[in-house]
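Take a look at the letters that make up each chain.
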Amino acid sequence: MKKTWWKEGIVYQIYPRSYKDNTGNGVGDILGIIEKLDYIKSLGVDIIWLCPVYESPNDDNGYDISDYRNISAEFGGNDAFDTLLEEMHKRDLKLVMDLVLNHSSDEHKWFKESRKSKDNPYRDYYFWQEAKNGKEPNNWKSFFSGSVWQKDDITDEYFLHLFTKKQPDLNWENPKVREEIHNIVEFWCKKGVDGFRMDVISLISKQTDFPDSHVPDNYGETIKTYYANGPKIHQYLNELNQKVLSKYDIMTVGEGPGIDLETGLDYVHEDRNELNMIFHFGHMFIDNGVGGKYDPIEVSLPTFKKVFNDWDAKIYPKGWGSIFLGNHDFSRMVSRFGNTEEYHNKSAKLLALLLFTMRGTVYVYQGDEIGMTNVAYPDISYYNDVETLNSYKEALAKGRDMDAFLKLVHRQSRDNARTPMQWNSSKNSGFSDVEPWLEVNSNYTQINVESQEKDKDSILHFYRKMSAFRKANKVMVYGDYECLNEDDTNLYFYKRYNDEETYIILLNFSNKKQTLDFVKYDLANTELALSNYSENFDAFLQPWEAQIRKYKS
Ligand code: ISL
(Lines give C-alpha, C1' and ligand atoms only; values in the text may rest on other atoms or scores of the structure.)
Protein backbone atom coordinates (compact mmCIF):
# COMPACT_ATOMS: atom_id res chain seq x y z
CA MET A 1 0.00 0.00 0.00
CA LYS A 2 1.40 3.38 -1.03
CA LYS A 3 2.22 5.73 1.85
CA THR A 4 1.10 9.35 1.59
CA TRP A 5 0.68 12.44 3.78
CA TRP A 6 -3.09 12.38 3.46
CA LYS A 7 -3.33 8.80 4.69
CA GLU A 8 -1.26 9.61 7.77
CA GLY A 9 -2.61 13.11 8.34
CA ILE A 10 -5.29 13.88 10.91
CA VAL A 11 -8.01 16.22 9.67
CA TYR A 12 -9.79 18.83 11.77
CA GLN A 13 -13.07 20.07 10.31
CA ILE A 14 -14.05 23.69 10.89
CA TYR A 15 -17.53 25.13 10.47
CA PRO A 16 -16.33 28.76 10.24
CA ARG A 17 -19.65 30.36 11.15
CA SER A 18 -19.42 28.72 14.58
CA TYR A 19 -15.71 28.68 15.34
CA LYS A 20 -14.57 32.12 16.53
CA ASP A 21 -15.92 35.58 15.84
CA ASN A 22 -13.18 38.19 15.74
CA THR A 23 -15.04 40.97 13.99
CA GLY A 24 -17.81 41.29 16.55
CA ASN A 25 -20.87 40.54 14.43
CA GLY A 26 -21.87 37.26 16.06
CA VAL A 27 -20.64 35.19 13.12
CA GLY A 28 -17.39 33.23 13.17
CA ASP A 29 -14.75 34.36 10.66
CA ILE A 30 -11.36 33.65 9.16
CA LEU A 31 -9.51 36.00 11.52
CA GLY A 32 -10.99 33.96 14.35
CA ILE A 33 -9.58 30.78 12.84
CA ILE A 34 -6.15 32.39 12.41
CA GLU A 35 -6.20 33.34 16.09
CA LYS A 36 -6.80 29.69 16.98
CA LEU A 37 -4.22 28.08 14.68
CA ASP A 38 -1.79 27.37 17.52
CA TYR A 39 -4.57 25.70 19.44
CA ILE A 40 -5.46 23.62 16.39
CA LYS A 41 -1.83 22.67 15.88
CA SER A 42 -1.63 21.64 19.54
CA LEU A 43 -4.27 18.97 18.89
CA GLY A 44 -1.77 17.11 16.74
CA VAL A 45 -3.77 17.61 13.56
CA ASP A 46 -2.15 18.15 10.16
CA ILE A 47 -4.97 19.23 7.89
CA ILE A 48 -7.89 21.61 8.23
CA TRP A 49 -11.05 21.02 6.20
CA LEU A 50 -12.80 24.34 6.01
CA CYS A 51 -16.54 24.28 5.30
CA PRO A 52 -17.51 26.73 2.49
CA VAL A 53 -16.33 30.30 2.87
CA TYR A 54 -17.17 31.56 -0.63
CA GLU A 55 -19.63 34.32 -1.43
CA SER A 56 -23.08 33.03 -0.72
CA PRO A 57 -26.56 34.27 0.18
CA ASN A 58 -26.40 31.59 2.91
CA ASP A 59 -29.69 29.87 2.31
CA ASP A 60 -27.80 26.73 3.37
CA ASN A 61 -24.92 28.42 5.24
CA GLY A 62 -22.46 28.58 2.36
CA TYR A 63 -23.46 25.38 0.57
CA ASP A 64 -25.16 27.69 -1.94
CA ILE A 65 -22.25 29.43 -3.67
CA SER A 66 -22.81 32.57 -5.70
CA ASP A 67 -19.15 33.14 -6.60
CA TYR A 68 -16.67 30.25 -6.61
CA ARG A 69 -13.57 32.42 -6.77
CA ASN A 70 -14.21 34.95 -4.02
CA ILE A 71 -14.33 34.61 -0.26
CA SER A 72 -17.36 36.08 1.45
CA ALA A 73 -16.87 39.49 3.05
CA GLU A 74 -18.70 38.23 6.14
CA PHE A 75 -15.84 35.76 6.72
CA GLY A 76 -13.14 38.36 6.00
CA GLY A 77 -12.81 38.30 2.21
CA ASN A 78 -9.88 37.26 0.02
CA ASP A 79 -7.16 38.98 2.04
CA ALA A 80 -8.10 37.17 5.22
CA PHE A 81 -8.13 33.91 3.30
CA ASP A 82 -4.66 34.49 1.84
CA THR A 83 -3.34 35.24 5.32
CA LEU A 84 -4.96 32.08 6.65
CA LEU A 85 -3.30 29.95 3.99
CA GLU A 86 0.06 31.55 4.66
CA GLU A 87 -0.22 31.21 8.44
CA MET A 88 -1.29 27.59 8.08
CA HIS A 89 1.56 26.68 5.79
CA LYS A 90 4.01 28.39 8.19
CA ARG A 91 2.79 25.97 10.84
CA ASP A 92 2.92 23.00 8.48
CA LEU A 93 -0.85 22.72 8.42
CA LYS A 94 -2.57 21.87 5.14
CA LEU A 95 -5.83 23.39 3.94
CA VAL A 96 -8.67 21.43 2.34
CA MET A 97 -11.42 23.54 0.78
CA ASP A 98 -15.04 22.49 0.62
CA LEU A 99 -16.27 22.58 -2.98
CA VAL A 100 -19.95 22.47 -3.77
CA LEU A 101 -20.13 21.49 -7.43
CA ASN A 102 -23.42 19.64 -7.68
CA HIS A 103 -25.35 22.88 -7.42
CA SER A 104 -24.78 26.61 -7.22
CA SER A 105 -26.77 29.37 -5.61
CA ASP A 106 -29.69 30.72 -7.62
CA GLU A 107 -27.89 34.04 -7.14
CA HIS A 108 -24.89 32.84 -9.15
CA LYS A 109 -24.57 34.76 -12.40
CA TRP A 110 -24.98 31.52 -14.39
CA PHE A 111 -28.40 30.90 -12.91
CA LYS A 112 -29.48 34.51 -13.19
CA GLU A 113 -28.78 34.22 -16.92
CA SER A 114 -30.17 30.72 -17.25
CA ARG A 115 -33.62 31.61 -16.01
CA LYS A 116 -33.95 34.62 -18.37
CA SER A 117 -35.07 32.75 -21.50
CA LYS A 118 -35.14 29.32 -23.07
CA ASP A 119 -32.46 30.30 -25.58
CA ASN A 120 -30.10 32.01 -23.15
CA PRO A 121 -26.53 30.65 -23.59
CA TYR A 122 -26.58 29.61 -19.91
CA ARG A 123 -29.93 27.81 -20.14
CA ASP A 124 -28.27 24.38 -20.28
CA TYR A 125 -26.08 25.07 -17.29
CA TYR A 126 -29.03 23.80 -15.24
CA PHE A 127 -31.86 21.29 -15.72
CA TRP A 128 -35.07 22.77 -17.08
CA GLN A 129 -38.17 20.70 -17.78
CA GLU A 130 -41.71 21.36 -18.88
CA ALA A 131 -44.64 20.53 -16.63
CA LYS A 132 -45.98 16.98 -16.88
CA ASN A 133 -49.77 16.77 -16.90
CA GLY A 134 -49.84 20.27 -15.46
CA LYS A 135 -47.60 19.25 -12.54
CA GLU A 136 -43.95 18.75 -11.56
CA PRO A 137 -41.96 16.65 -14.07
CA ASN A 138 -41.62 13.74 -11.61
CA ASN A 139 -42.24 12.66 -8.01
CA TRP A 140 -38.72 13.14 -6.63
CA LYS A 141 -38.46 14.72 -3.19
CA SER A 142 -35.83 17.21 -2.13
CA PHE A 143 -33.31 16.35 0.60
CA PHE A 144 -34.83 19.36 2.34
CA SER A 145 -38.59 18.59 1.95
CA GLY A 146 -41.02 19.18 -0.91
CA SER A 147 -40.51 18.53 -4.59
CA VAL A 148 -37.11 18.80 -6.29
CA TRP A 149 -38.81 20.91 -8.99
CA GLN A 150 -39.47 24.63 -8.77
CA LYS A 151 -41.55 26.42 -11.37
CA ASP A 152 -40.00 29.63 -12.66
CA ASP A 153 -42.58 32.08 -13.95
CA ILE A 154 -40.30 33.79 -16.47
CA THR A 155 -40.28 30.83 -18.86
CA ASP A 156 -42.98 28.75 -17.23
CA GLU A 157 -40.63 25.76 -16.82
CA TYR A 158 -39.36 23.87 -13.81
CA PHE A 159 -35.74 23.70 -12.69
CA LEU A 160 -34.22 20.86 -10.66
CA HIS A 161 -32.95 21.36 -7.10
CA LEU A 162 -32.12 18.29 -5.04
CA PHE A 163 -31.60 20.61 -2.05
CA THR A 164 -33.36 23.98 -1.46
CA LYS A 165 -34.93 25.93 -4.28
CA LYS A 166 -32.04 28.38 -3.91
CA GLN A 167 -29.61 25.54 -4.81
CA PRO A 168 -30.34 24.67 -8.47
CA ASP A 169 -28.46 21.57 -9.70
CA LEU A 170 -25.73 22.18 -12.26
CA ASN A 171 -25.96 20.26 -15.49
CA TRP A 172 -22.68 18.32 -15.75
CA GLU A 173 -23.88 16.82 -19.05
CA ASN A 174 -23.01 20.18 -20.58
CA PRO A 175 -19.26 20.22 -21.47
CA LYS A 176 -19.17 23.97 -20.86
CA VAL A 177 -20.25 23.43 -17.25
CA ARG A 178 -17.52 20.86 -16.78
CA GLU A 179 -14.95 23.21 -18.23
CA GLU A 180 -16.06 26.01 -15.89
CA ILE A 181 -15.71 23.57 -13.00
CA HIS A 182 -12.25 22.43 -14.09
CA ASN A 183 -11.17 26.07 -14.20
CA ILE A 184 -12.51 26.74 -10.72
CA VAL A 185 -10.70 23.74 -9.29
CA GLU A 186 -7.49 24.78 -11.09
CA PHE A 187 -7.86 28.31 -9.70
CA TRP A 188 -7.75 27.02 -6.11
CA CYS A 189 -4.98 24.53 -6.84
CA LYS A 190 -2.84 27.36 -8.23
CA LYS A 191 -3.56 29.41 -5.15
CA GLY A 192 -1.88 26.65 -3.20
CA VAL A 193 -4.65 24.88 -1.34
CA ASP A 194 -3.90 21.28 -0.43
CA GLY A 195 -7.11 19.54 -1.28
CA PHE A 196 -10.85 19.45 -1.65
CA ARG A 197 -13.80 17.97 0.15
CA MET A 198 -16.34 17.64 -2.63
CA ASP A 199 -19.90 18.11 -1.50
CA VAL A 200 -22.48 15.49 -2.61
CA ILE A 201 -20.18 14.43 -5.42
CA SER A 202 -22.13 11.18 -5.81
CA LEU A 203 -25.04 13.22 -7.22
CA ILE A 204 -23.38 15.03 -10.13
CA SER A 205 -24.52 12.58 -12.79
CA LYS A 206 -28.29 12.30 -13.04
CA GLN A 207 -30.69 10.09 -14.89
CA THR A 208 -31.61 12.84 -17.30
CA ASP A 209 -34.86 11.23 -18.38
CA PHE A 210 -35.98 11.86 -14.79
CA PRO A 211 -38.06 8.72 -14.19
CA ASP A 212 -40.52 8.67 -11.27
CA SER A 213 -39.18 7.03 -8.11
CA HIS A 214 -40.98 3.74 -7.58
CA VAL A 215 -40.51 4.25 -3.81
CA PRO A 216 -41.09 8.00 -3.34
CA ASP A 217 -41.66 7.62 0.41
CA ASN A 218 -38.50 5.62 0.95
CA TYR A 219 -35.92 8.33 1.29
CA GLY A 220 -32.71 6.27 1.38
CA GLU A 221 -33.76 3.99 -1.44
CA THR A 222 -34.78 6.89 -3.69
CA ILE A 223 -31.42 8.63 -3.17
CA LYS A 224 -29.53 5.45 -3.96
CA THR A 225 -31.56 4.44 -6.98
CA TYR A 226 -32.35 7.76 -8.62
CA TYR A 227 -30.06 10.55 -7.44
CA ALA A 228 -26.68 8.97 -6.76
CA ASN A 229 -24.08 7.09 -8.81
CA GLY A 230 -25.57 8.16 -12.15
CA PRO A 231 -24.46 6.73 -15.49
CA LYS A 232 -21.63 9.22 -16.11
CA ILE A 233 -20.34 9.75 -12.58
CA HIS A 234 -17.04 7.98 -13.14
CA GLN A 235 -16.46 9.59 -16.51
CA TYR A 236 -16.85 13.05 -14.91
CA LEU A 237 -14.61 12.28 -11.95
CA ASN A 238 -11.95 10.71 -14.10
CA GLU A 239 -11.99 13.72 -16.40
CA LEU A 240 -11.66 16.14 -13.47
CA ASN A 241 -8.80 14.06 -12.11
CA GLN A 242 -6.91 13.82 -15.39
CA LYS A 243 -7.40 17.44 -16.43
CA VAL A 244 -6.70 19.09 -13.09
CA LEU A 245 -6.33 17.14 -9.86
CA SER A 246 -3.57 14.80 -11.00
CA LYS A 247 -1.28 17.75 -11.73
CA TYR A 248 -1.09 18.73 -8.06
CA ASP A 249 -0.09 17.04 -4.81
CA ILE A 250 -3.49 17.42 -3.20
CA MET A 251 -6.00 15.24 -1.39
CA THR A 252 -9.60 14.73 -2.39
CA VAL A 253 -12.49 13.38 -0.39
CA GLY A 254 -15.91 13.09 -1.95
CA GLU A 255 -19.03 13.24 0.12
CA GLY A 256 -21.33 10.50 -0.96
CA PRO A 257 -24.98 10.16 -0.03
CA GLY A 258 -26.25 7.06 -1.82
CA ILE A 259 -22.82 5.45 -2.10
CA ASP A 260 -22.98 1.90 -0.79
CA LEU A 261 -20.74 -1.14 -0.48
CA GLU A 262 -21.36 -2.08 -4.09
CA THR A 263 -20.45 1.31 -5.51
CA GLY A 264 -17.91 2.69 -3.01
CA LEU A 265 -14.63 1.26 -4.20
CA ASP A 266 -15.07 2.55 -7.74
CA TYR A 267 -14.72 6.12 -6.47
CA VAL A 268 -11.45 5.52 -4.65
CA HIS A 269 -9.75 2.59 -6.39
CA GLU A 270 -6.14 3.69 -6.83
CA ASP A 271 -5.97 2.47 -10.43
CA ARG A 272 -9.05 4.42 -11.50
CA ASN A 273 -7.78 7.98 -10.95
CA GLU A 274 -10.86 9.57 -9.47
CA LEU A 275 -10.88 10.50 -5.76
CA ASN A 276 -8.61 9.58 -2.83
CA MET A 277 -11.38 8.98 -0.32
CA ILE A 278 -15.11 9.19 0.15
CA PHE A 279 -17.36 9.80 3.10
CA HIS A 280 -19.95 7.06 3.05
CA PHE A 281 -22.89 7.29 5.42
CA GLY A 282 -23.28 3.66 6.45
CA HIS A 283 -22.94 4.46 10.14
CA MET A 284 -24.33 8.00 9.95
CA PHE A 285 -27.72 7.07 8.50
CA ILE A 286 -27.76 3.96 10.70
CA ASP A 287 -30.70 5.20 12.78
CA ASN A 288 -32.78 6.38 9.82
CA GLY A 289 -36.05 4.61 9.22
CA VAL A 290 -37.86 4.36 5.90
CA GLY A 291 -39.01 7.97 6.25
CA GLY A 292 -35.49 9.26 6.89
CA LYS A 293 -33.90 10.91 9.92
CA TYR A 294 -37.17 12.04 11.53
CA ASP A 295 -38.35 8.45 11.46
CA PRO A 296 -35.58 7.01 13.63
CA ILE A 297 -35.03 3.37 14.49
CA GLU A 298 -33.09 1.67 17.31
CA VAL A 299 -29.47 0.87 16.57
CA SER A 300 -27.52 -2.07 17.96
CA LEU A 301 -23.76 -2.35 18.39
CA PRO A 302 -23.49 -5.33 16.01
CA THR A 303 -25.06 -3.25 13.19
CA PHE A 304 -22.62 -0.44 13.92
CA LYS A 305 -19.65 -2.84 13.84
CA LYS A 306 -20.90 -4.41 10.65
CA VAL A 307 -20.64 -1.06 8.85
CA PHE A 308 -16.96 -0.74 9.79
CA ASN A 309 -16.24 -4.40 9.04
CA ASP A 310 -17.94 -4.45 5.67
CA TRP A 311 -16.40 -1.21 4.44
CA ASP A 312 -12.92 -2.12 5.56
CA ALA A 313 -13.20 -5.49 3.82
CA LYS A 314 -14.51 -3.89 0.66
CA ILE A 315 -12.13 -0.96 0.28
CA TYR A 316 -8.67 -2.33 1.17
CA PRO A 317 -6.07 -2.82 -0.17
CA LYS A 318 -6.99 -1.01 -3.39
CA GLY A 319 -8.71 2.04 -1.95
CA TRP A 320 -8.55 4.22 1.14
CA GLY A 321 -11.22 5.13 3.67
CA SER A 322 -12.16 8.03 5.89
CA ILE A 323 -13.06 7.61 9.55
CA PHE A 324 -15.48 10.02 11.18
CA LEU A 325 -18.29 9.88 13.70
CA GLY A 326 -19.78 13.32 13.20
CA ASN A 327 -19.71 16.48 11.15
CA HIS A 328 -21.74 19.67 10.62
CA ASP A 329 -24.72 17.68 9.28
CA PHE A 330 -25.30 15.31 12.19
CA SER A 331 -25.94 15.42 15.87
CA ARG A 332 -22.93 15.39 18.19
CA MET A 333 -21.06 12.12 18.25
CA VAL A 334 -20.98 11.79 22.03
CA SER A 335 -24.74 12.42 22.24
CA ARG A 336 -25.34 9.87 19.51
CA PHE A 337 -22.96 7.05 20.26
CA GLY A 338 -21.88 7.74 23.86
CA ASN A 339 -23.62 8.53 27.14
CA THR A 340 -23.65 12.24 28.00
CA GLU A 341 -25.61 11.77 31.22
CA GLU A 342 -23.41 9.53 33.34
CA TYR A 343 -20.27 8.89 31.32
CA HIS A 344 -19.64 12.01 29.31
CA ASN A 345 -15.87 12.03 29.86
CA LYS A 346 -15.33 8.28 29.50
CA SER A 347 -17.62 7.75 26.53
CA ALA A 348 -16.23 10.76 24.61
CA LYS A 349 -12.75 9.32 25.17
CA LEU A 350 -13.83 5.85 24.06
CA LEU A 351 -15.15 7.30 20.81
CA ALA A 352 -11.91 9.22 20.31
CA LEU A 353 -9.96 6.04 20.86
CA LEU A 354 -12.09 4.31 18.25
CA LEU A 355 -11.52 7.12 15.73
CA PHE A 356 -7.76 7.13 16.17
CA THR A 357 -7.29 3.37 16.03
CA MET A 358 -9.29 2.65 12.88
CA ARG A 359 -7.90 2.15 9.42
CA GLY A 360 -8.46 5.23 7.20
CA THR A 361 -7.82 8.95 7.46
CA VAL A 362 -9.17 10.38 10.72
CA TYR A 363 -11.53 13.37 10.67
CA VAL A 364 -12.24 15.24 13.92
CA TYR A 365 -15.13 17.68 13.92
CA GLN A 366 -14.63 20.94 15.84
CA GLY A 367 -15.78 20.75 19.43
CA ASP A 368 -15.69 16.95 19.58
CA GLU A 369 -12.23 17.30 21.11
CA ILE A 370 -13.93 18.72 24.22
CA GLY A 371 -16.98 16.47 24.00
CA MET A 372 -19.49 19.12 22.92
CA THR A 373 -23.03 17.74 23.07
CA ASN A 374 -26.40 18.17 21.39
CA VAL A 375 -28.46 21.20 22.29
CA ALA A 376 -32.19 21.18 23.10
CA TYR A 377 -33.64 24.61 22.37
CA PRO A 378 -37.07 25.28 23.93
CA ASP A 379 -38.85 25.88 20.63
CA ILE A 380 -38.34 25.93 16.89
CA SER A 381 -37.70 29.70 16.72
CA TYR A 382 -34.19 29.10 18.09
CA TYR A 383 -33.24 26.88 15.14
CA ASN A 384 -31.51 28.13 12.01
CA ASP A 385 -30.83 25.13 9.76
CA VAL A 386 -32.94 25.12 6.61
CA GLU A 387 -33.28 21.34 6.67
CA THR A 388 -34.61 21.42 10.25
CA LEU A 389 -37.00 24.29 9.57
CA ASN A 390 -38.38 22.74 6.38
CA SER A 391 -38.89 19.38 8.05
CA TYR A 392 -40.69 21.12 10.90
CA LYS A 393 -43.02 22.94 8.47
CA GLU A 394 -43.70 19.69 6.65
CA ALA A 395 -44.52 17.89 9.91
CA LEU A 396 -46.85 20.73 10.89
CA ALA A 397 -48.64 20.58 7.54
CA LYS A 398 -49.07 16.82 7.94
CA GLY A 399 -50.68 17.33 11.34
CA ARG A 400 -48.00 15.46 13.30
CA ASP A 401 -47.74 15.74 17.08
CA MET A 402 -45.45 18.78 17.26
CA ASP A 403 -44.27 18.25 20.86
CA ALA A 404 -43.04 14.85 19.80
CA PHE A 405 -41.53 16.34 16.65
CA LEU A 406 -39.58 18.94 18.66
CA LYS A 407 -38.06 16.03 20.59
CA LEU A 408 -36.99 14.54 17.27
CA VAL A 409 -35.47 17.89 16.33
CA HIS A 410 -33.52 17.84 19.60
CA ARG A 411 -32.17 14.49 18.63
CA GLN A 412 -31.59 14.94 14.90
CA SER A 413 -31.17 18.60 13.97
CA ARG A 414 -28.02 19.62 12.15
CA ASP A 415 -27.89 22.64 14.47
CA ASN A 416 -26.73 20.25 17.20
CA ALA A 417 -23.33 20.35 15.55
CA ARG A 418 -23.44 24.03 14.67
CA THR A 419 -23.73 25.70 18.07
CA PRO A 420 -20.83 28.07 18.71
CA MET A 421 -17.52 26.60 19.83
CA GLN A 422 -17.20 26.61 23.61
CA TRP A 423 -13.89 28.35 24.33
CA ASN A 424 -14.43 29.39 27.95
CA SER A 425 -17.07 30.08 30.57
CA SER A 426 -17.49 33.80 29.86
CA LYS A 427 -20.62 35.18 28.18
CA ASN A 428 -21.26 33.65 24.73
CA SER A 429 -18.66 30.98 25.59
CA GLY A 430 -15.78 33.18 24.42
CA PHE A 431 -17.02 32.71 20.85
CA SER A 432 -18.14 36.31 20.36
CA ASP A 433 -18.56 39.60 22.21
CA VAL A 434 -22.08 39.94 20.90
CA GLU A 435 -25.07 37.64 20.65
CA PRO A 436 -24.10 34.77 18.33
CA TRP A 437 -26.02 33.84 15.16
CA LEU A 438 -27.06 30.60 16.88
CA GLU A 439 -27.48 30.36 20.64
CA VAL A 440 -24.62 28.80 22.58
CA ASN A 441 -25.32 25.45 24.24
CA SER A 442 -26.10 26.27 27.89
CA ASN A 443 -23.59 23.65 29.10
CA TYR A 444 -20.66 25.87 28.03
CA THR A 445 -19.82 26.71 31.63
CA GLN A 446 -19.00 23.04 32.25
CA ILE A 447 -17.74 22.02 28.80
CA ASN A 448 -15.17 24.41 27.36
CA VAL A 449 -11.59 24.52 26.11
CA GLU A 450 -10.20 26.70 28.89
CA SER A 451 -11.29 24.43 31.71
CA GLN A 452 -10.16 21.31 29.87
CA GLU A 453 -6.72 22.83 29.24
CA LYS A 454 -6.30 22.97 33.03
CA ASP A 455 -7.59 19.47 33.69
CA LYS A 456 -5.09 16.73 32.87
CA ASP A 457 -7.91 14.16 32.82
CA SER A 458 -9.93 16.10 30.22
CA ILE A 459 -11.25 14.88 26.90
CA LEU A 460 -9.09 17.54 25.24
CA HIS A 461 -5.85 16.13 26.64
CA PHE A 462 -6.98 12.66 25.69
CA TYR A 463 -7.37 13.75 22.03
CA ARG A 464 -3.81 15.03 22.12
CA LYS A 465 -2.64 11.74 23.56
CA MET A 466 -4.52 9.80 20.89
CA SER A 467 -3.20 11.84 17.95
CA ALA A 468 0.34 11.44 19.29
CA PHE A 469 -0.20 7.71 19.68
CA ARG A 470 -1.41 7.32 16.12
CA LYS A 471 1.53 9.31 14.80
CA ALA A 472 4.02 7.22 16.75
CA ASN A 473 2.45 3.91 15.67
CA LYS A 474 1.95 3.76 11.93
CA VAL A 475 0.32 0.36 12.28
CA MET A 476 -2.75 2.37 13.34
CA VAL A 477 -2.70 4.00 9.92
CA TYR A 478 -1.62 1.22 7.57
CA GLY A 479 -2.10 -1.97 9.56
CA ASP A 480 -4.80 -4.52 8.78
CA TYR A 481 -8.07 -4.44 10.70
CA GLU A 482 -9.96 -7.43 12.05
CA CYS A 483 -13.08 -7.38 14.20
CA LEU A 484 -13.01 -10.08 16.90
CA ASN A 485 -16.57 -10.11 18.23
CA GLU A 486 -19.08 -9.19 15.53
CA ASP A 487 -22.14 -10.29 17.49
CA ASP A 488 -21.41 -8.97 20.97
CA THR A 489 -24.00 -6.33 21.86
CA ASN A 490 -21.86 -4.44 24.42
CA LEU A 491 -18.24 -4.93 23.46
CA TYR A 492 -16.32 -4.02 20.34
CA PHE A 493 -12.89 -5.69 20.05
CA TYR A 494 -10.60 -5.50 17.07
CA LYS A 495 -7.02 -6.04 16.05
CA ARG A 496 -4.71 -3.74 14.11
CA TYR A 497 -1.64 -5.53 12.87
CA ASN A 498 1.17 -5.83 10.36
CA ASP A 499 4.03 -8.32 9.95
CA GLU A 500 5.90 -6.88 12.92
CA GLU A 501 3.30 -6.01 15.52
CA THR A 502 -0.25 -6.65 16.66
CA TYR A 503 -2.49 -4.49 18.80
CA ILE A 504 -5.87 -5.32 20.26
CA ILE A 505 -8.43 -2.61 20.96
CA LEU A 506 -11.05 -3.26 23.63
CA LEU A 507 -14.10 -1.03 23.84
CA ASN A 508 -17.00 -1.34 26.27
CA PHE A 509 -19.98 0.45 24.73
CA SER A 510 -22.16 0.01 27.80
CA ASN A 511 -22.98 1.56 31.17
CA LYS A 512 -22.12 -1.68 32.96
CA LYS A 513 -19.05 -3.62 33.89
CA GLN A 514 -18.48 -6.34 31.31
CA THR A 515 -16.60 -9.58 31.90
CA LEU A 516 -13.34 -9.73 30.00
CA ASP A 517 -12.26 -13.09 28.65
CA PHE A 518 -8.54 -12.69 29.31
CA VAL A 519 -7.74 -16.21 28.18
CA LYS A 520 -9.70 -16.22 24.93
CA TYR A 521 -7.90 -13.12 23.65
CA ASP A 522 -4.53 -14.17 25.06
CA LEU A 523 -4.37 -10.92 27.00
CA ALA A 524 -1.73 -12.23 29.41
CA ASN A 525 0.55 -11.95 26.42
CA THR A 526 -0.18 -8.21 26.01
CA GLU A 527 0.93 -4.94 27.52
CA LEU A 528 -1.44 -2.05 28.09
CA ALA A 529 -0.47 0.82 25.79
CA LEU A 530 -3.21 3.33 26.51
CA SER A 531 -6.59 3.54 28.25
CA ASN A 532 -9.27 6.05 29.22
CA TYR A 533 -9.21 4.74 32.81
CA SER A 534 -6.24 5.11 35.15
CA GLU A 535 -6.84 1.69 36.68
CA ASN A 536 -7.62 -1.47 34.70
CA PHE A 537 -8.64 -4.99 35.73
CA ASP A 538 -8.01 -8.39 34.19
CA ALA A 539 -11.47 -9.78 34.90
CA PHE A 540 -13.68 -7.04 33.49
CA LEU A 541 -13.96 -3.79 31.59
CA GLN A 542 -15.48 -0.82 33.42
CA PRO A 543 -18.38 1.18 31.91
CA TRP A 544 -17.23 2.83 28.66
CA GLU A 545 -13.70 1.63 29.24
CA ALA A 546 -11.39 1.63 26.24
CA GLN A 547 -7.97 0.02 26.04
CA ILE A 548 -5.21 -0.39 23.50
CA ARG A 549 -3.01 -3.43 24.22
CA LYS A 550 0.05 -4.62 22.37
CA TYR A 551 0.92 -8.31 21.97
CA LYS A 552 4.37 -9.16 23.27
CA SER A 553 4.89 -11.96 20.78
O1 ISL B 1 -27.66 16.58 6.33
C2 ISL B 1 -28.02 15.48 6.02
C3 ISL B 1 -28.74 14.67 6.97
O4 ISL B 1 -28.85 15.35 8.15
C5 ISL B 1 -27.67 14.90 4.73
O6 ISL B 1 -28.73 14.33 4.10
C7 ISL B 1 -27.01 15.97 3.86
O8 ISL B 1 -27.97 16.80 3.32
C9 ISL B 1 -26.25 15.31 2.76
O10 ISL B 1 -25.31 14.49 3.34
C11 ISL B 1 -25.53 16.35 1.90
O12 ISL B 1 -24.79 17.24 2.67
C13 ISL B 1 -24.00 18.19 2.05
O14 ISL B 1 -24.69 18.91 1.04
C15 ISL B 1 -25.76 19.75 1.46
C16 ISL B 1 -25.39 20.63 2.64
O17 ISL B 1 -26.55 21.19 3.19
C18 ISL B 1 -24.65 19.88 3.71
O19 ISL B 1 -24.26 20.74 4.74
C20 ISL B 1 -23.48 19.21 3.04
O21 ISL B 1 -22.60 18.59 3.94
C22 ISL B 1 -26.15 20.57 0.27
O23 ISL B 1 -25.03 21.22 -0.27
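Given the structure is predicted, the values throughout are model-derived calculations rather than measurements.

A. Highlighting the confidence of the model for the chain. Mean pLDDT over the chain: 97, with 100% of residues reaching 70 or higher. By mean pLDDT, the top-scoring element of the chain is strand 1 (residues 10-14) (99), and the lowest-scoring one is strand 12 (residues 288-289) (90).

B. Here's a closer look at the site of the ligand. By nearness alone, 19 residues border the ligand, and Asp60, Asp199, Glu255, Lys293 and Asp329 come closest of all. Take Arg197: an N or O atom from its side chain is 3.0 Å from an oxygen atom of the ligand. Here His328 contributes a side-chain N or O atom positioned 2.9 Å from an oxygen atom of the ligand. When the free accessible area of the ligand is taken as 500 Å², the share hidden by the protein chains comes to 98%. In the shell around the ligand, the residues fall into eight nonpolar, three polar and eight charged.

C. Structural context of the packing of aromatic side chains. The tally for this structure, following the rule as stated, stands at 48 aromatic pairs. Ring geometry for Phe281 against Phe324: centres 6.3 Å apart, planes inclined by 90 degrees, an arrangement best described as edge-to-face. Note that Phe281 is positioned in the loop between strand 11 (277-279) and strand 12 and Phe324 in the loop between strand 14 (322-323) and helix 11 (333-337), a separation of 43 residues in sequence. The burial state of Phe281 is the same as that of Phe324; both residues are buried. One aromatic cluster is present, built from ring pairs that chain together Phe127, Trp140, Phe143, Phe144, Trp149, Phe163, Phe210, Tyr219, Tyr226 and Tyr227. Geometry around Trp423 places Lys36 over its ring, the cationic atom sitting 4.0 Å from the centre. Directly above the aromatic system of Tyr316 lies the positively charged group of Arg359, at a separation of 3.9 Å from the ring centroid.

D. Representation of the nonpolar core within the structure. In this structure, Phe196 and Tyr492 are the most contacted members of the largest nonpolar core, which totals 151 residues. Of the residues forming this core, the biggest block, eight residues, is contributed by helix 12 (residues 344-356). Aside from chain neighbours lying at most four places away, what touches Phe196 is Val96, Met97, Leu99, Val185, Trp188, Cys189, Leu245, Ile250, Met251, Thr252 and Val253. Of all hydrophobic cores here, the second largest spans 18 residues; its members include Leu160, Phe163, Tyr226 and Ala228.

E. Representation of helix 7 (residues 219-227). Every buried residue of helix 7 is accounted for by Thr222, Ile223, Tyr226 and Tyr227. Down the axis of helix 7, the smallest arc covering the buried residues is 105 degrees, so these residues share one side. For helix 7, the N-terminal cap is Asn218; the gap from its side-chain oxygen to the backbone nitrogen of Gly220 is 3.5 Å. Immediately beyond the C-terminal end of helix 7, within one or two residues, lies Asn229, with a positive phi of roughly 55 degrees.

Each value, and the rule that gives it
- Residues numbered from 1 in each chain as written.
- Predicted model: local features only at pLDDT ≥ 70, side-chain atom pairs only at ≥ 80, totals over all residues.
- Heavy atoms only, no water.
- pLDDT = per-residue confidence, 0-100.
- Helix = DSSP H or I, 4+ residues; strand = E, 2+ residues; numbered from the N terminus.
- Near = heavy atom within 4 Å.
- Polar contact = N/O pair within 3.5 Å; in protein donor to acceptor, adjacent residues only side chain to side chain.
- Areas by Shrake-Rupley, 256 points an atom, 1.4 Å probe, with all protein chains shown as cover.
- Nonpolar A, V, L, I, M, F, W, Y, C, P; charged D, E, K, R; others polar.
- Phe/Tyr/Trp six-rings, centres within 6.5 Å; stacked < 30°, edge-to-face > 60°.
- Buried < 20%, exposed > 50% of the residue type's maximum accessible area, 1.4 Å probe, protein only.
- Lys NZ or Arg CZ within 6 Å of the ring centre and 35° of its normal.
- Core = buried A, V, L, I, M, F, W, Y, C linked by side-chain atoms within 4.5 Å.
- Contact = heavy atoms within 4.5 Å.
- Arc of directions from axis to C-beta.

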